[in-house]
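# Notes for the structure review
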Amino acid sequence: MLSIQNSIYFKRTVKILIFAIIIWLVAFIIATIWSPSIETFKNVGSKAPSYLSDTEGLSKVWGYILNNGFQVPFQMLILSLIPIPFLYFLNLISTSIITGIVFGFAINFDLNKGTIMVISSIPHILVEIAAMCFVVSALYQLNHSIVRKITNLFRKHKKQNISFKLALMNFIKSYLFVALPLYVVAAFLETYLTDFIYQLLI
């Protein structure tokens, strides 16, 4: 069923994942060294929508799926339709930076509890970022097809156009059969496993 007609799709996804992890590590190291105020930590740490703090169980899982699995990829899709390369990377970059900063600040404030928080959060963070990388990888071809068509208008010697229809179909397939299931897994991990590991280690 998943037949993505792009030979380097998965290789590109791995490269994007490595890129995201490097950004995360840089933000994490900087935040670990820097001594922020408690207000700064609270402001940076409020990445999730406020309504999710009042929910629990399956309601919280569904909230995470709606936000991370539907709203964020839709934002990335809209950005990819703008003929500016890599604009759709913004969500992935901001998520990596904010997560790295929050983890670094947590360790800076309390080494023991901060370390436990990082360990307990890593499973869902990795799965969520991996899902975003699959989305970004598919959107790369979609955006590239738009940019190629526009730049060809100003070229004397035209380059071969990339099929927008094929790129869109590849995006839909990768989202439905790879990214969305990963977002669902990440939502369950964030709701149940993160707290379980934290309580186990504290």
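Residues numbered from 1 in each chain as written. Predicted model: local features only at pLDDT ≥ 70, side-chain atom pairs only at ≥ 80, totals over all residues. Heavy atoms only, no water.

### Concerning helix α4 (residues 90-109)
Relative to the 28 Å expected for 20 residues at 1.5 Å per residue, α4 spans 28 Å between its end C-alpha atoms, a close match to the ideal helical length. Buried within α4 we find N91, L92, T95, S96, T99, G100, V102, F103, G104, F105, A106 and I107. (Helix = DSSP H or I, 4+ residues; strand = E, 2+ residues; numbered from the N terminus. Expected span 1.5 Å × (residues − 1). Buried < 20%, exposed > 50% of the residue type's maximum accessible area, 1.4 Å probe, protein only.)

### Focus on the confidence of the model for the protein chain
It should be kept in mind that the predicted coordinates are not to be read in detail where pLDDT is low. Across the protein chain, the average pLDDT comes to 89, with 87% of residues at or above 70. Helix α2 (residues 38-45) is the least confidently modelled element of the protein chain, averaging 61 in pLDDT, while helix α5 (residues 111-152) averages 95, the highest of any element. (pLDDT = per-residue confidence, 0-100.)

### A word on the packing of helix α3 (residues 57-80) against helix α6 (residues 164-201)
The N-to-C vectors of α3 and α6 enclose an angle of 145 degrees; their axes lie 9 Å apart at closest approach. Once α3 is placed against α6, the crossing between them reads as right-handed. Side by side, α3 and α6 meet where G57, L58, K60, V61, Y64, I65, N68, G69, F70, P73 and L77 of the first sit next to F171, Y175, L180, Y183, V184, A187, F188, E190, T191 and Y192 of the second. Looking at the contact of α3 with α6 residue by residue, the classes come out as 15 nonpolar, four polar and two charged. (Axes fitted to C-alpha atoms, helices over the stretch in contact; angles between N-to-C directions. Left-handed = near helix turned anticlockwise from the far one by under 90°. Contact = heavy atoms within 4.5 Å. Nonpolar A, V, L, I, M, F, W, Y, C, P; charged D, E, K, R; others polar.)

### Let's talk about the environment of L92
Within the secondary structure, L92 is located in helix α4. Take L92: its relative accessible area is 0%, and that puts it in the buried class. In sequence terms L92 and V135 are 43 residues apart; their C-alpha atoms lie 9.7 Å from each other. Sequence-distant contacts of L92, that is, excluding residues within four places in its chain, are made with I16, A20, I129, M132, C133 and V136.

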